[in-house]
Amino acid sequence: TIYKETKKQYDSFPHHTEVKGVYTFCFSNEFSTFSHKTVYFDFQVGDEPPILPDMSNRVTALTQMGSACVTIHEALNAVIDSQTHYRLREAQDRSRAEELNSRVSYWSVGETLILFVVSI
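Here's what I pulled together on the structure shown here. Note that the structure is a prediction, hence the values are computed from the model and not measured. (Residues numbered from 1 in each chain as written. Predicted model: local features only at pLDDT ≥ 70, side-chain atom pairs only at ≥ 80, totals over all residues. Heavy atoms only, no water.)

**Some points on the overall build of the chain**
For the record, the criterion: Per the convention used, a helix needs a DSSP run of H or I reaching at least four residues, while a strand needs a run of E reaching at least two, with both numbered from the N terminus. Only protein chains enter the accessibility calculation, which uses a 1.4 Å probe. A residue is then buried if its area is under 20% of the maximum for its type, exposed if over 50%, and partly exposed in between. For the accessible areas, the method is Shrake-Rupley and the probe is 1.4 Å, while residue cover comes only from the protein chains on display.
For the chain, the count of helices and strands is one helix and zero strands. By the burial criterion, 4% of the 120 residues in the chain qualify as buried. With the model as given, the accessible surface of the chain reaches about 11900 Å², and the carbon-plus-sulfur share is 59%.

Structure, rendered in structure tokens:
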């Protein structure tokens, strides 16, 4: 077991493998078998290519422009992670709202039928 967590709504787990090969993921729904769950994977395979050409070949101080590019790139990666998190939360909340809407609709139909039966 590399990672185990319970009762989490959102979690991120970065893992860098040391050995190449095929890996298996296993999820358990032991805590609550009645509620629906959505699991989102975001795999990043391999190392990220360098932003600037020949950046990995030489060890020199970056120019101010190059340093700004690296900083902007790291900030954009953080923004992408945040957007993914908010997209997942929005999908979860939309599903919850649609389920609530259907329950309210069924309740309203039931109340209407009871109202007709009582009025007759």
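Resuming the write-up.
**Section: the environment of histidine 85**
Within the secondary structure, histidine 85 sits in helix H1 (residues 64-119). Using a relative accessible area of 17% as the deciding quantity, one classes histidine 85 as buried.

**Points about H1**
This is how it is decided: Here the expected length of a helix is defined as 1.5 Å per residue gap, with one fewer gap than residues.
Over its 56 residues, H1 extends 80 Å from the first C-alpha to the last, a length consistent with the 82 Å expected when each residue adds 1.5 Å. Those residues of H1 that sit buried are Gly66, Val70, Thr84 and His85.

**Description of the pattern of salt bridges**
Selection criterion: The term salt bridge refers to a pairing of a side-chain nitrogen on Lys or Arg with a carboxyl oxygen on Asp or Glu at a separation within 4 Å.
What the rule picks out here adds up to three salt bridges. Where glutamate 90 meets arginine 94, a salt bridge forms, and the shortest distance between an N and an O atom there is 2.7 Å. Placement of both glutamate 90 and arginine 94 in helix H1 is noted, with a separation of four residues, approximately one turn of the helix. Of the residues examined, arginine 94 reaches a relative accessible area of 48% and is grouped as partly exposed.

**Let's talk about a nonpolar patch on the surface**
We count it as follows: Patches draw on residues past 30% relative accessible area with no salt bridge. Two like charges within 9 Å are joined, as are two nonpolar side chains (Val, Leu, Ile, Met, Phe, Trp, Tyr) within 5 Å.
Together, Phe25, Phe27, Val39, Phe41, Phe43 and Val45 make up a nonpolar patch on the protein surface, roughly 680 Å² of accessible area in all. With respect to the element layout, phenylalanine 43 can be found in the segment before H1. Overall, the relative accessible area of 55% leaves phenylalanine 43 in the exposed class.

**A closer look at the side chain of threonine 84**
For clarity, the cut-off: Contacts described as polar in this section are N or O atom pairs within 3.5 Å, which, within protein, must combine one atom able to donate a hydrogen with one able to accept it, while residues neighboring in sequence count only if both atoms come from side chains.
Turning to its location among the elements, threonine 84 is positioned in helix H1. What makes threonine 84 buried here is its relative accessible area of 15%. A polar atom in the side chain of threonine 84 sits 2.9 Å from the backbone oxygen of isoleucine 80.

As far as function goes, none of this settles anything; it's purely spatial.
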